[in-house]
Amino acid sequence: MRSSSRVLRFVTGRLLCGPMRQGRKPRRESARIWPLPLVAHQICAHRARMSQPKALARHMMIAFAIIALPGSVDAQRVELSLDGMWEIDDSVEPDVMPEQFTHRVPVPGLAHLAKPFLKDVDAFDSRELLYRRVVLKRMGLRADGPGELAREGVAGIPRQDRNYLWYRRTFRVPQRKRVAILRIAKAQFGTAVWMNGRKIGEYPGCFTASYFNVTRAIDWERENTLVVRVGAHPGVLPDTYPTGTDFEKLRWTPGIYDHVSLRLCDNPVIKHVQVAPRIDRSEIIVQTRLKNYGSAVEFSLVHRVETWKGGKPVAASEPKSLKLDAGATVTITQRIAIPAPTLWSPETPFLYVVETATGGDSARTRFGMREFHFDPATGKAYLNGKICYLRGSSITLHRFFEDSQSGNSPWNDDWVRQLLDEIPKQLHWNAFRFCIGPVPERWFEIADEAGLLIQNEFFMWNNRPSKDYFRHWDKDELLRQYTDWVRDNWNHASLVIWDTCNETHDPVFGDVIIPTVRKLDLSNRPWENGYNLPVQPGDPVEDHPYLFIRTGTRDDARFDMAELEKMDGRRRRGDQYPAIINEYDWLWLRRDGTPTVATEKLYPKYLGPHATAEDRFALNAYWLGGLTEFWRAHRHHAGVMHYGYLIYDQPFGYTCDHFIDIAKLKLDPHFADFMAEASKPLGVYINFWQPKLPAGAKRQYEVILINDRHRAVGGRLVLTLETMDGEVVARAERAFSLEPVGQQRISLALAVPTGIKGKHLLRATAVPRDDWPEAPTVSRRWVEMLPKVD
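Treat the numbers as computed from the prediction; the structure is a model and nothing was measured. As a convention, each chain's residues are numbered from 1 in the sequence order in which they are written. Local features in this predicted model are restricted to residues of pLDDT 70 or higher, and side-chain atom pairs are both shown and tallied only at a pLDDT of 80 or more, whereas totals for entire chains, interfaces and linings draw on every residue. Note: side-chain values were computed over all heavy atoms of the structure, leaving out hydrogens and water.

Every helix listed is a DSSP run of H or I at least four residues long, and every strand listed is a run of E at least two residues long, numbered separately from the N terminus. Looking only at helices and strands, the chain features 13 helices and 45 strands. Residue burial is assigned from relative accessible area. The probe radius is 1.4 Å, only protein chains are included, and a residue is buried under 20% of its type maximum, exposed over 50%, and partly exposed in between. Expressed as a percentage of the 790 residues in the chain, the buried residues total 62%.

What follows is the structure, encoded as structure tokens:
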């Protein structure tokens, strides 16, 4: 676009490069130039700082950058989505492409969605599963197959007649460019690419994006044929490469499970952009990785910041003049002031976009102005400089992949948004752990918009090495894949904790992985290190206080909730470090109310052999709600996240979630009731778990109140004893007053009348003043009243 036509378009109205966005923006779109009146407004708003000639010149350069970005329509990146229906077929050998493709499958998705169905497509017994079967048999629990120990160097045993799956589709490019880069956001197990019959390359990662330069193979005029080969099971990759380790995962489903796109652009190419907020200085650090695939080029690198919703101009960098030699790569780090930034938080998940342009390529990067860290002195988590308690659960998506009811739900936008946004708000949750396995990119985008705080865990669960189970990792490959994992996710506002592994004892993570990879993250997020000690004082430990584990795994043991009355909630390990509980309870039920493998010994001990599913659902929710209250009330953990919100429902599954209709995301109503009360920012915990009480007795009841909000709250604490029909037979009341993020212990005397018997409900209700955003919070205890004995 020539300068004369640029001026003409300003005169006639709004200067555009591609369509102007209105309201909420699509995820991929053409870049845009701002209207001249807004540029003038940006300059005038800073006129008090422009009295000096140098300052004036500097701001004029910024204004010029806003006007000049991004250049011409031809200079912009074209991103072609290759999502949709692909052809698929299989092979045993890695270099024998099928002659015919007789099945069709959605991308993104998994191979078990293929039609016609691919027999035994996810049948694979991992080394971890084989070992778990041995352990289960030793404990006298059910297993889904024979127990055996895999020999060293073997990832597991395939139970299918294939080793590879081949995906194929055709497409045409809309515009000729100098460079074409194929991006496959995630595929497992291992990826190889052919374009128009020419092999482009391979990538062994299963949980990170792969990039392939297809420039020389692409046909700019005619139809192109793209073939992507993935491993049919983890066994096709070296045993020393990370393909996912999970002792409770029964099936391993291959496929391209995240977006596929083709990036068309000119030189120099923007490989990656990282945006790191600095809220104390009201600025962002923007790091841009550039590569020149052509001859030497001189260009200007420019960034422009706008709000994600509404596209309001915010700031721009000064143009940076650069020269890049042929084939050269460079990383440029710049700072951009963000005037009066709106901070991102669960209550206000405000997002910005930085648009980057080189004259040959452009990219849009979304981010939030927020900082998150742990204070080793207090053990607390801090979001934007304020204490932040994490309340929520865990999501194990890769187990859900093998659920017979999963279908295409993980790629259904409405389903995912209900899962991550609507339901957590009803449960008063603000946090999740994405547990042993990554999620598609869209999940993180929705989490950013929903204001969730995410602990992002790599697909690694190794336990402690023993003579029966061990894993030896290729350290270089681990570093490559953890590096790519950080690169893929570093711009998400919702991601606040990196988590290298789950329940793992292995020095490689603390000695090699974390010290090397954490330097890449300019936001300097904390790192959790499984059951290894943290690397830095501000890194947290994970705590998994499964109080009911002995009840579920031993015939001669049981845990009683009354034991909580003498416990103080202190962590079991790593007292000198901040701690997060991201697993607890050991009370799982299948979606039909029957026990899982882990709890089939548990429920008969408390409910007898003839209990109904309704009995078990009610007890599960009652105890889980009480445990949540307990761990939150004592304030020894920065976060309390139970396990788990989304898992799977399998006949031989060790765990399960709380949905009774997974397609409609309908929770068990008992769970929804008790967990919503237990997770409110104004928390209430009755430190009483006695199953029986004599009528006519008078005793003191300790109630612990907590306040997760940064505002004081006061009101009335009411303690009642009620019949199961709601009739109040005893009542006590006291005023309460909680400081911001405070805790208060209140003792109330309650006299129980004589002449009552049977099952009753002890209820503590915190009734806040009218200006509190939530309804009163309730803590409940079931108690049987015994007739008074003279």
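Having seen the model, we can carry on.
What follows is about the packing of helix H8 (residues 475–489) against helix H9 (residues 507–517). As a packed pair, H8 and H9 sit with axes 10 Å apart at the nearest point and diverge in direction by 45°. Relative to H9, the element H8 is oriented oblique. Judged by the sense of rotation from one axis to the other, the crossing of H8 with H9 is right-handed. Across the interface between the two elements, Lys 475, Leu 478, Leu 479, Tyr 482, Thr 483 and Val 486 of H8 pack against Val 508, Phe 509, Val 512, Ile 513, Thr 516 and Val 517 of H9. Gly is placed with the polar residues, together with every amino acid not listed as nonpolar (Ala, Val, Leu, Ile, Met, Phe, Trp, Tyr, Cys and Pro) or charged (Asp, Glu, Lys and Arg). In the contact of H8 with H9, the residues fall into 9 nonpolar, 2 polar and 1 charged. Only the stretch in contact is used when a helix axis is fitted, and all axes are lines through C-alpha atoms; the angle between N-to-C directions ranges over 0 to 180 degrees. The scheme is simple: roughly parallel for angles under 35 degrees, roughly antiparallel for over 145, roughly perpendicular for 65 to 115, oblique for anything else. For any pair of crossing helices, the crossing counts as left-handed if the nearer helix is rotated counterclockwise from the farther one by less than a right angle, and right-handed if it is rotated clockwise. Only heavy atoms enter the contact rule, under which two residues are in contact if any of them lie within 4.5 Å.

Another point: helix H6 (residues 413–426). Taking 1.5 Å of rise per residue, 14 residues should cover 20 Å, and H6 covers 19 Å from first to last C-alpha, within 8% of that figure. In this scheme, the bend at a residue equals the angle between the axes fitted to the seven residues that finish there and the seven that begin there. Within H6, the axis deviates most sharply at Leu 419, by approximately 35°. Its side-chain oxygen at 3.0 Å from the backbone nitrogen of Asp 414, Asn 412 defines the N-terminal cap of H6. Backbone geometry just downstream of H6 places His 428 in the positive-phi region, at approximately 65°. Any helix carries an expected span of 1.5 Å times its number of residues minus one. Polar contact criterion, stated in full: a pair of N or O atoms within 3.5 Å, where within protein one must be able to donate a hydrogen and the other to accept it, and residues adjacent in sequence count only if both atoms are side-chain atoms.

Quick look at unusual backbone geometry now. Note the cis peptide between Lys 115 and Pro 116, where omega equals -10°. Its location among the elements puts Pro 116 in the loop between strand S3 (103–107) and strand S4 (124–126). Located in the positive-phi region is Ala 340, a residue other than glycine, with phi close to 45°. Residue position: Ala 340 is located in the loop between strand S20 (329–337) and strand S21 (352–357). The phi dihedral of Leu 665 is positive, around 55°, even though this residue is not glycine. Following the sequence through the fold, Leu 665 ends up in the loop between strand S36 (659–661) and strand S37 (666–667).

This next bit is on the sheet that holds strand S11 (residues 210–213). Strands belonging to one sheet form pairs held by backbone hydrogen bonds; the direction of such a pair is parallel or antiparallel. Judged by pairing direction, the sheet is antiparallel, and its 4 strands sit side by side in the order S1-S14-S7-S11 without closing on themselves. Lying at the two open borders of the sheet, with one neighbouring strand each, are strand S1 (78–81) and S11. Direction aside, neighbouring strands of the sheet carry axes that sit 20° apart on average. In the sheet, strand S7 (residues 179–184) pairs with S11 via 4 bridges, with the strands oriented antiparallel. For two strands to count as paired, DSSP must find a minimum of two bridges between them.

Here, a salt bridge means any Lys or Arg side-chain nitrogen found within 4 Å of an Asp or Glu carboxyl oxygen. Enumeration according to the criterion identifies 60 salt bridges in this entry. The closest approach of N and O atoms between Glu 221 and Arg 176, which form a salt bridge, is 3.9 Å. Here Glu 221 is found in the loop between S11 and strand S12 (224–231), whereas its partner Arg 176 is found in the loop between strand S6 (164–171) and S7, with 45 residues between them in sequence. For the pair shown, Glu 221 and Arg 176 are each scored as exposed. Here Arg 716 and Glu 733 are joined by a salt bridge, their closest N and O atoms 3.7 Å apart. Residue Arg 716 is found in strand S41 (residues 713–723), and its partner Glu 733 is found in strand S42 (residues 728–738); the two are separated by 17 residues along the sequence. Residue classification places Arg 716 among the partly exposed positions, given a relative accessible area of 37%. Classification of Glu 733 by relative accessible area gives partly exposed; the value is 36%. Through salt bridges with shared partners, a single ionic network connects Arg 366, Asp 413, Arg 417, Arg 442, Glu 445, Asp 448 and Glu 449.

Read from one edge of the open sheet, 8 strands run S32-S30-S28-S27-S26-S35-S34-S33, paired in parallel fashion. Only two strands of the sheet have a single neighbouring strand rather than two, namely strand S32 (527–528) and strand S33 (541–543). Across 4 bridges, strand S28 (residues 453–457) lies against strand S30 (residues 495–499) in parallel orientation. Within S30, the residue paired with Glu 457 across the bridge is Asp 499. Along the sheet, H6 makes contact with strand S26 (390–395), strand S27 (431–434) and strand S35 (639–646), crossing S35 at roughly 145°.

Another aspect to go through is the confidence of the model for the chain. Detailed reading of the predicted coordinates is not advisable wherever pLDDT falls low. The pLDDT value expresses, per residue, how confident the predictor is, ranging between 0 and 100. Scored by pLDDT, the chain comes out at a mean of 90, with 89% of its residues at no less than 70. Within the model, the stretch residues 1–73 combines pLDDT values under 50 with 116 contacts to residues more than four positions away or in other chains.

In this structure, His 259 sits in the loop between strand S13 (255–256) and strand S14 (260–265). A residue is classified by how much of its surface remains accessible, and His 259, at 13% relative accessible area, is buried. In this structure the side chain of His 259 is engaged in a polar contact, spanning 2.5 Å, whose partner is the side chain of Asp 83.

Quick look at the nonpolar core now. What we call a nonpolar core is a set of buried Ala, Val, Leu, Ile, Met, Phe, Trp, Tyr and Cys residues that are connected through their side-chain atoms within 4.5 Å. Judged by nonpolar contacts, the single largest core of 103 residues is most densely connected at Leu 420, Trp 443, Phe 548 and Leu 646. The element contributing the most residues to this core is helix H12 (residues 613–633), with 10 residues. Each residue touching Phe 548, except ones within four places of it in the same chain, is listed here: Phe 559, Met 561, Asp 585, Trp 586, Leu 587, Leu 602, Tyr 606, Trp 623 and Leu 627. Membership of the second largest hydrophobic core comes to 36 residues, among which are Ile 88, Val 121, Tyr 167 and Leu 182.

A few words on the pairing of strand S2 (residues 84–91). Along any regular strand the residues' side chains alternate between the sheet's two faces. Across 5 bridges, S2 lies against S3 in antiparallel orientation. Within the sheet, the bridge partner assigned to Gly 84 lies in S3 and is Val 107. Sheet topology note: the S2/S6 ladder contains 5 bridges and is antiparallel. Pairing of Asp 90 across the sheet is with Leu 165, part of S6.

Before going further, it helps to examine the side chain of Glu 542. Here Glu 542 is to be found in strand S33. Within this scheme the basic residues Lys and Arg register as positive and the acidic residues Asp and Glu register as negative, but His and the chain ends are omitted. Arg 433 is the oppositely charged side chain nearest to the buried, salt-bridge-free Glu 542, at an N-O distance of 4.2 Å. A distance of 2.8 Å separates a polar side-chain atom of Glu 542 from the backbone nitrogen of Glu 503.

In this section: the pairing of strand S22 (residues 362–367). Extensive coverage of S22 is indicated by the burial of 5 of its 6 residues. For S21 and S22, the ladder comprises 6 bridges, and the chain directions are antiparallel. Across the sheet, the residue bridging to Val 353 is Arg 366, located in S22. Counted between consecutive antiparallel strands, the loop separating S21 from S22 contains 4 residues, among which Gly 359 sits at a positive phi close to 90°.

Here we take up the packing of H12 against helix H13 (residues 669–678). For the pair H12 and H13, interaxial distance at closest approach is 8 Å and the crossing angle is 10°. Of the possible angle classes, the one that applies to H12 and H13 is roughly parallel. Of the residues in H13, those in contact with Glu 614, Phe 617, Ala 618, Ala 621, Tyr 622, Leu 624, Gly 625, Thr 628, Glu 629 and Arg 632 of H12 are His 670, Phe 671, Phe 674, Met 675 and Ala 678. Residues of the contact of H12 with H13, tallied by class, amount to 9 nonpolar, 3 polar and 3 charged.

Moving on: the environment of Leu 113. Secondary-structure assignment places Leu 113 in the loop between S3 and S4. For Leu 113, a relative accessible area of 19% puts it in the buried group. For the pair Leu 113 and Gly 255, spaced 142 residues apart in the sequence, the C-alpha separation amounts to 9.5 Å.

Its location among the elements puts Val 718 in strand S41. The exposure class of Val 718 is buried, given its relative accessible area of 9%. Between the C-alpha atom of Val 718 and that of Ala 764, which follows or precedes it by 46 residues, the distance is 5.6 Å. Among all residues touching Val 718, those that are not within four sequence positions of it are Arg 731, Ala 732, Glu 733, Arg 763, Ala 764 and Thr 765.

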